[in-house]
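# Summary of structural features
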Amino acid sequence: MSFNLHQLDLLDLISERYLKLRKISEAQWNSHHELPISKSEWFILLRIYQEKETTVSFISKSVDITRQATHKFIKQLQEKGLVEVGEQENNRKEKRIQLTTFGKECYEKNAQLQANLEKEIAEHIGQERLEQLKDILKMNWGIEQ
């Protein structure tokens, strides 16, 4: 029995595609590298990579993960040697976080795997449609808070 995407509404279609892409992406990374990294850890690494150096509270607010879980994932990333956590100069309560050189290398290798996956998708749906899809996903849908 196969799953019928044609019967899903917009939210479920986006969710199904997201879950499938994340599963493929995670499997590609894990098949090429001995260091397993979960989708939540990748999500946090993305935020840190974009910001260069940020704070634990910023990460916690910018991802849809509880503060407690965010701290747990950051600790795991630190144990894997992907991030460094340290004191803020002007705020001892706040912790700064940044990628290690190894963390940046892992992120960039994974970005290349994702770019290859994107090329594969473009081969199936066409480059123009892929670009249209990306543009639509970047648009303001009037649902931002």
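Residues numbered from 1 in each chain as written. Predicted model: local features only at pLDDT ≥ 70, side-chain atom pairs only at ≥ 80, totals over all residues. Heavy atoms only, no water.

As recorded in an unreviewed UniProt entry, the protein goes by MarR family transcriptional regulator and comes from Allobacillus halotolerans.

### Looking at the packing of aromatic side chains
Within a pair of aromatic rings, the relevant descriptors are the distance that separates the centres and the angle that separates the planes. Overall, the coordinates contain two aromatic pairs when judged by the stated rule. With centroids separated by 5.0 Å and ring planes inclined at 80 degrees, the aromatic side chains of Trp29 and Trp42 adopt a geometry described as edge-to-face. Of the two residues, Trp29 is situated in helix H1 (residues 10-32) and Trp42 in helix H2 (residues 39-51); the sequence distance between them amounts to 13 residues. The burial state of Trp29 is the same as that of Trp42; both residues are buried. With a centroid separation of 4.2 Å and 25 degrees between ring planes, the pair formed by Tyr49 and Tyr107 is classed as stacked. Linking Tyr49 in helix H2 with Tyr107 in helix H5 (residues 101-125), this pair joins segments that are 58 residues apart in sequence. Here Tyr49 falls in the partly exposed class, since its relative accessible area comes to 23%. The ring of Phe43 has Arg47 lying over it, and the distance from NZ or CZ to the ring centre is 4.6 Å. Against the face of Phe73 rests Lys72, its NZ or CZ located 5.1 Å from the ring centre. (Phe/Tyr/Trp six-rings, centres within 6.5 Å; stacked < 30°, edge-to-face > 60°. Helix = DSSP H or I, 4+ residues; strand = E, 2+ residues; numbered from the N terminus. Buried < 20%, exposed > 50% of the residue type's maximum accessible area, 1.4 Å probe, protein only. Lys NZ or Arg CZ within 6 Å of the ring centre and 35° of its normal.)

### Looking at the nonpolar core
Counting residues in hydrophobic clusters, the biggest one holds 20 residues, and the most contacted among them are Ile44, Leu45, Ile48, Ile59, Ile74 and Val83. Secondary-structure elements contributing two or more residues to this core are H2, helix H3 (56-62), helix H4 (67-79), strand E3 (95-99) and H5. When residues in this core are grouped by element, the largest group, four residues, is from H2. In contact with Ile44, other than residues within four places in its own chain, are Ile59, Ile65, Thr70, Phe73, Ile74 and Leu77. (Core = buried A, V, L, I, M, F, W, Y, C linked by side-chain atoms within 4.5 Å. Contact = heavy atoms within 4.5 Å.)

### A look at the sheet that holds strand E1 (residues 53-55)
Taken together, three strands build an open sheet; the order of strands is E1-E3-E2 and the sheet is antiparallel. In the strand order of this sheet, the two ends are held by E1 and strand E2 (83-87), each with one partner. Along the sheet, successive strands turn relative to each other by an average axial angle of 30 degrees, direction set aside. Taken together, the three bridges between E1 and E3 define a ladder with antiparallel strand orientation. By the bridge assignment, Thr55 is partnered in E3 with Arg96. (Pairing = 2+ DSSP bridges. Axes fitted to C-alpha atoms, helices over the stretch in contact; angles between N-to-C directions.)

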